[in-house]
Amino acid sequence: AQSVTQLGSHVSVSEGALVLLRCNYSSSVPPYLFWYVQYPNQGLQLLLKYTSAATLVKGINGFEAEFKKSETSFHLTKPSAHMSDAAEYFCAVTSNTGNQFYFGTGTSLTVIP
Amino acid sequence: EAQVTQNPRYLITVTGKKLTVTCSQNMNHEYMSWYRQDPGLGLRQIYYSMNVEVTDKGDVPEGYKVSRKEKRNFPLILESPSPNQTSLYFCASRATPGVYNSPLHFGNGTRLTVT
């Protein structure tokens, strides 16, 4: 079965600093990977998705992720953190059939003023 | 506005009292699914539906039922809730289940407490 692992359940950065949230996938076939963001008391919103067209994927709110097959990684980055980026972030992968999504355990991002 | 609507947002009930959480989407999506979110465990899939009258178990289906009689609705039924079903529940839909990179669209969640 497909799975994703998010290293670091809590990440704190200063406002203006680089954001790096880690995601590694376990897959025997090319995966379809997603990053979602969850703000307090809200559902999950799509940040970006990997479609195999390009290894560097740009998403909303200045976030981007790079697919690295050699490292089985799909880390999420943002050059400069804003206070509004404080949220929980989830990496996800679809199953081989495309019928199911498997989510990581999430990373809570705190932005320090 | 395209959206997935869940009701209620908050629900407190007692052990054994049947309840239903409703989910409706207005995007004409074929695929719908239910997840529960628990601290440290992320989101886990309960059930999913590829289309009307087609449902299948996810990773944690025990204690839950679903039905898909209409394309837009996908209610989650707990016939005899227990305290270990206290959780945050999300409904989601997806346009084309056979397209791998078709993303999920989520509702705002239902926080269920079973005492």
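This is a predicted model, so every value here is computed, not measured.

Visitor: How should I be thinking about the interface of chain B and chain A in this particular structure?
Guide: Many analyses report the size of an interface as the accessible area lost when the parts associate. Chain B puts 27 residues into the contact, and the matching count from chain A is 26 residues. In this assembly, chain B and chain A are joined by zero salt bridges. There are five residue pairs in polar contact (both at pLDDT 80 or more) connecting chain B and chain A. Among the elements that line the side of chain B that touches chain A, the one with the most residues is strand β5 (residues 42-51) of chain B, at five residues. For the side of chain B that touches chain A, the per-class residue count stands at 14 nonpolar, nine polar and four charged.

Visitor: Where do I start with the pairing of strand β4 (residues 31-38) of chain B in this structure?
Guide: Note on strand geometry: in a regular strand, side chains alternate between the two faces of the sheet. Residues and elements named next belong to chain B. Within β4, eight of the eight residues are buried, which leaves the element mostly enclosed by the surrounding structure. Side chains Tyr-31, Ser-33, Tyr-35 and Gln-37 of β4 all project onto a buried face; the interleaved residues Met-32, Trp-34, Arg-36 and Asp-38 project onto the opposite face, where all are buried too. For β4 and strand β9 (residues 87-94), the ladder comprises seven bridges, and the chain directions are antiparallel. Note that in β9 the partner of Ser-33 across the bridge is Ala-92. Relative to β5, β4 is paired through seven bridges, and the arrangement is antiparallel. Looking at the pairing, Asp-38 lines up with Gly-42 of β5. Counting the residues that bridge the hairpin from β4 to β5 gives three residues, and of these Gly-40 lies at a positive phi of roughly 80 degrees.

Cut-offs and rules
- Residues numbered from 1 in each chain as written.
- Chains lettered and ligands numbered in written order.
- Predicted model: local features only at pLDDT ≥ 70, side-chain atom pairs only at ≥ 80, totals over all residues.
- Heavy atoms only, no water.
- Contact = heavy atoms within 4.5 Å.
- Salt bridge = Lys/Arg side-chain N within 4 Å of Asp/Glu carboxyl O.
- Polar contact = N/O pair within 3.5 Å; in protein donor to acceptor, adjacent residues only side chain to side chain.
- Helix = DSSP H or I, 4+ residues; strand = E, 2+ residues; numbered from the N terminus.
- Nonpolar A, V, L, I, M, F, W, Y, C, P; charged D, E, K, R; others polar.
- Buried < 20%, exposed > 50% of the residue type's maximum accessible area, 1.4 Å probe, protein only.
- Pairing = 2+ DSSP bridges.

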